[in-house]
Amino acid sequence: MATIPEAPLALTGKTIPLVGFGTAEFPFNSTESVKEAALHAIQLGYRHFDTAALYQSEQPLGEAIAEALKLGFIKSRHELFLTSKLWISDAHHELVLPAIKKNCRNLGLEYLDLYLIHFPASLKPGTAFPCKTEDIVPMDLESVWKAMEDCQKLGFTKSIGVSNFSSKKLEKLLSIAKIPPAVNQVEMHPIWQQKKLRQFCDEKRIHITAYSPLGGHGTLWGSNQVLENEVLKEIASSKGKTVAQICLRWVYEQGVSLVVKSFNKERMRQNLEIFDWKLCPEELHKIEQIPQQRVNVIEALVSENGPFKSVEDLWDGEL
Ligand code: A2P
């Protein structure tokens, strides 16, 4: 069984496993496959699981955890690191606490390890995704974050953070937060390296988790540009590794954590075999030179009358 290195979450005194298991499978109601994959993942040694109210994977993941305990794959829930996310129709002060209680109930757990605001916008309460543009409303970050802080103070989560926040949005959050965000979970891979955001987060001691470290192909938002990249293919073939392993190793070497989704047993195993070799300086240099492109632009949050009039607004120019 693989042992996955962990990193400290500087602002909380907790640690986070550097390779985690993504559970967003399309369509979002693939409950049986989530349960089966998550159970196998625990057996292989994955300890960090990433879910969200949006993905509808909390309940099958919870069932897999209960089964893993019964089968003795783990002795206690404390061996796991569970991340879940606040769906943005619940990103309203009074809806946050009921939302995290529901996240926990779905998972059958008393607490999360990390709770993230999924996107830097709110939707009118009760709105699902994909949403109508008129349902997108500005988030009252101060009151929503205060409710996130309450979730941590009340013990429903060990740490709190955000997802899909630019440096500018983090700066605003830091100016109002009593408990600063421990994590910003964002798209990151060799063709969207997030250099500016990483530098900012390093300075502020905010840990980054990379989602879609393979470019998320096969997902709603993803593309095969990463796994089909010629530079990565060349490095993979000269090292006798797969392109996916090169991507994951590169992300891991940047000192951030990652969540990778595969429900295929062979690929789940392969994605953990990245710890006993490394990229050499020339390979790192070649990856550094790859032209950059954000894959997950999230145009669905952009609208003429909403809080983000353009993708530049949404990402504050980090494109
Ligand atoms: P599958 O579940 O069939 O393995 P990301 O983690 O960047 O969001 O990427 C997820 C996508 O990449 C999924 O479609 C997943 O498909 C695929 N994937 C995961 N691991 C590998 C791998 N080692 N090689 C090729 N494709 C992979």
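Residues numbered from 1 in each chain as written. Predicted model: local features only at pLDDT ≥ 70, side-chain atom pairs only at ≥ 80, totals over all residues. Heavy atoms only, no water.

Student: I tried to follow the overall build of the protein on my own but got confused; where do I start?
Tutor: A tally of helices and strands in the protein yields 11 helices and 12 strands. Taking 319 residues into account, the globule formula puts the C-alpha radius of gyration at 20 Å, and the protein, at 19 Å, falls close to it. With respect to the three principal axes, the spread of C-alpha positions in the protein is 55 × 50 × 35 Å. Burial analysis of the protein (319 residues in total) assigns 56% to the buried set. Of the contacts formed within the protein by residues at least 6 apart in sequence, a portion of 71% connects residues at least 24 apart. Surface exposure of the protein reaches about 13800 Å², of which carbon and sulfur atoms provide 50%. Charged side chains of the protein number 36 positive and 39 negative; the gap between the two group centres comes to 4 Å. (Helix = DSSP H or I, 4+ residues; strand = E, 2+ residues; numbered from the N terminus. Rg over C-alpha atoms; globule rule 2.2 N^0.38 Å. Buried < 20%, exposed > 50% of the residue type's maximum accessible area, 1.4 Å probe, protein only. Contact = heavy atoms within 4.5 Å. Areas by Shrake-Rupley, 256 points an atom, 1.4 Å probe, with all protein chains shown as cover. Lys, Arg positive; Asp, Glu negative; His and termini not counted. Charge placed at Lys NZ, Arg CZ, Asp CG, Glu CD.)

Student: Explain the side chain of glutamate 58 to me, please; I cannot follow it from the model alone.
Tutor: Looking at the secondary structure, you find glutamate 58 in helix H2 (residues 58-71). Salt bridges are absent for the buried glutamate 58, whose nearest opposite-charge side chain, lysine 102, sits at 7.5 Å. Within the structure, glutamate 58 has its side chain in polar contact with the side chain of asparagine 106 (distance 2.9 Å). Once residues lying within four places of it in the same chain are set aside, the contact partners of glutamate 58 are Thr51, Ala52, Ala53, Ser84, Asn103, Asn106 and Leu107. (Salt bridge = Lys/Arg side-chain N within 4 Å of Asp/Glu carboxyl O. Polar contact = N/O pair within 3.5 Å; in protein donor to acceptor, adjacent residues only side chain to side chain.)

Student: Just to check I follow, could you spell out H2 for this structure?
Tutor: Every α-helical turn comprises 3.6 residues, leaving residues that sit three or four positions apart pointing alike. Its 14 residues place the ends of H2 20 Å apart at the C-alpha level, agreeing with the 20 Å of an ideal helix rising 1.5 Å per residue. Turning to H2, its buried residues number three or more, namely Glu58, Pro60, Leu61, Gly62, Ala64, Ile65 and Ala68. Glycine 72 sits one or two residues past H2 and shows a positive phi near 80°. (Expected span 1.5 Å × (residues − 1).)

Student: Which parts of the structure should I look at to understand the pattern of salt bridges?
Tutor: Working definition: two side chains of opposite charge can pair if their charged atoms are close together. Summed over the entire model, instances satisfying the criterion amount to 17 salt bridges. Between arginine 269 and glutamate 266 there is a salt bridge; the shortest N-O distance is 2.5 Å. Placement of the pair is arginine 269 and glutamate 266 together in helix H9 (residues 265-270), with a separation of three residues, close to one helical turn. A relative accessible area of 41% places glutamate 266 in the partly exposed class. Within the structure, one salt-bridge network assembled from shared partners comprises Glu228, Glu230 and Lys233.

Student: Sorry, what's going on with the state of the cysteines here?
Tutor: Should the sulfur atoms of two cysteines be covalently bonded, the bond is a disulfide. As enumerated under the stated definition, the model contains zero disulfides in all. There is no disulfide at cysteine 151, and the cysteine sulfur nearest it, in cysteine 104, is 8.6 Å away. On the basis of relative accessibility, which here comes to 0%, the residue cysteine 151 falls in the buried class. With no disulfide partner, cysteine 247 has as its closest neighbouring cysteine sulfur the one in cysteine 280, 16 Å distant. (Disulfide = S-S within 2.5 Å.)

Student: Explanation requested: the site of the ligand in the structure shown.
Tutor: The immediate surroundings of the ligand are formed by 16 residues, with Leu214, His217, Ser262, Arg267 and Gln270 found nearest. Within the contact set of the ligand, an oxygen atom lies 3.0 Å away from a backbone nitrogen or oxygen of phenylalanine 263. With the chains in place, 84% of the 560 Å² that the ligand exposes on its own is no longer accessible. Its residues assigned to classes, the shell around the ligand shows six nonpolar, eight polar and two charged. (Near = heavy atom within 4 Å. Nonpolar A, V, L, I, M, F, W, Y, C, P; charged D, E, K, R; others polar.)

Student: Could you clarify how one ought to interpret the packing of helix H7 (residues 230-239) against helix H10 (residues 281-288) in this entry?
Tutor: A pair of packed helices is characterised by two quantities: the angle between their axes and the separation of those axes. Look at H7 against H10: their axes get within 10 Å of each other, and the N-to-C directions meet at 165°. With respect to each other, H7 and H10 are oriented roughly antiparallel. For H7 against H10, the interelement crossing comes out left-handed. Every residue of H10 that contacts H7 at Val231, Leu232, Glu234, Ile235, Ser238 and Lys239 is listed here: Glu283, Lys286 and Ile287. Grouping the constituent residues of the contact of H7 with H10 by class yields four nonpolar, one polar and four charged. (Axes fitted to C-alpha atoms, helices over the stretch in contact; angles between N-to-C directions. Parallel < 35°, antiparallel > 145°, perpendicular 65-115°, else oblique. Left-handed = near helix turned anticlockwise from the far one by under 90°.)

Student: Explain unusual backbone geometry to me, please; I cannot follow it from the model alone.
Tutor: Keep in mind that most residues, glycine aside, have a negative phi and that most peptide bonds are trans. Even without a glycine there, the phi angle at glutamine 194 is positive, about 60°. Locating glutamine 194 in the fold gives a position in the loop between strand E10 (183-187) and helix H6 (195-204).

Student: What am I meant to see in the sheet that holds strand E5 (residues 81-86) here?
Tutor: The strands making up a sheet associate through hydrogen bonds between their backbones, and the pairing can be parallel or antiparallel. The strand order E3-E4-E5-E6-E9-E10-E11-E12 describes a closed barrel built from eight strands, whose pairing is parallel. Averaged over all adjacent pairs, the angle separating strand axes in this sheet is 30°, with direction ignored. The pairing of strand E6 (residues 112-117) with strand E9 (residues 157-163) spans five bridges and is parallel. Each bridged residue has a counterpart across the sheet, and for isoleucine 117 the counterpart in E9 is valine 162. Lying on the sheet, helix H3 (residues 93-107) is in contact with E5, E6 and E9; it crosses E6 at an angle near 135°. (Pairing = 2+ DSSP bridges.)

Student: Teacher, can you tell me more about the environment of cysteine 247 here?
Tutor: As for its position among the elements, cysteine 247 is in helix H8 (residues 243-253). Classification of cysteine 247 by relative accessible area gives buried; the value is 0%. Between the C-alpha atom of cysteine 247 and that of leucine 214, which follows or precedes it by 33 residues, the distance is 6.4 Å. For cysteine 247, the contacting residues outside a window of four places in its chain are Pro190, Pro213, Leu214, Val226 and Leu232.

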